[in-house]
Amino acid sequence: SDKTTATRGQTVTFSGSISPSMSNGTLVVVQVRRSGSSTWTDLATRRTFKGNRWSYVYKIPKAQARGTFSVRARYAGSAKYFATVSAGRKLVIK
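Numbering of residues begins from 1 in every chain and follows the order in which that chain's sequence is written. Given that this is a predicted model, residues contribute local features only at a pLDDT of at least 70 and side-chain atom pairs are listed and counted only at 80 or more, while totals for whole chains, interfaces and linings are drawn from all residues. Note that water and hydrogens are dropped before the side-chain values are worked out from all heavy atoms of the structure.

Considerations on the nonpolar core
Residues enter a nonpolar core if they are buried and are Ala, Val, Leu, Ile, Met, Phe, Trp, Tyr or Cys, with the set joined through side-chain atoms within 4.5 Å. When a residue's accessible area, from a 1.4 Å probe over protein chains only, is under 20% of the maximum for its type it is buried; when over 50% it is exposed; and in between it is partly exposed. V12, F14, W54, Y56, Y58 and I60 are the most contacted members of the largest nonpolar core, which has 19 residues in total. It is strand β6 (residues 67-75) that contributes the most residues to this core, four residues altogether. Beyond its immediate chain neighbours, meaning those up to four positions away, Y56 contacts V12, T13, F14, V30, L43, A44 and R46. Per the convention used, a helix needs a DSSP run of H or I reaching at least four residues, while a strand needs a run of E reaching at least two, with both numbered from the N terminus. Contacts are assigned to residue pairs with any non-hydrogen atoms lying within 4.5 Å of each other.

Right, dumping it as structure tokens:
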């Protein structure tokens, strides 16, 4: 998502692509971590589609704690490719 600030109850879209080229349906895990925490929590698992892209639409629960979070994508790896994670993107929930 290009948004860095969102409010509770709002919908945000996280998306990206993975490379090198892999088959459609490759699993990507979207993870979230609260600022100051060292623990990443799985938010959703998505499959890649045309062009190695993935997308996840998330509606922030109205009961969600306010604060600063990081969101990233994780690829678990395969026999051919190493596991990897993206850089975290900052999301401030107000």
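Looking at the pattern of salt bridges
By salt bridge we mean one thing: a side-chain nitrogen of Lys or Arg within 4 Å of a carboxyl oxygen of Asp or Glu. With the rule as written, the count across this model stands at one salt bridge. D42 serves as the salt-bridge partner of R74, at 3.9 Å between the closest nitrogen and oxygen. Here the residue R74 occupies a position in strand β6, and D42 occupies one in strand β4 (residues 41-47), the gap between them amounting to 32 residues. R74 sits in the partly exposed class, given a relative accessible area of 26%.

What about the packing of aromatic side chains?
Note on ring pairs: Phe, Tyr and Trp rings are taken, using the six-membered ring of Trp, and paired if centres are within 6.5 Å. Classes follow the plane angle, with under 30 degrees stacked, over 60 edge-to-face and the rest tilted. Here the structure, examined in full by the defined rule, presents one aromatic pair. Sitting over the ring of W40, R72 keeps its end group 4.0 Å from the ring centre. We call a charge positioned above a ring when the Lys NZ or Arg CZ atom is no farther than 6 Å from the ring centre and deviates by at most 35 degrees from the ring normal.

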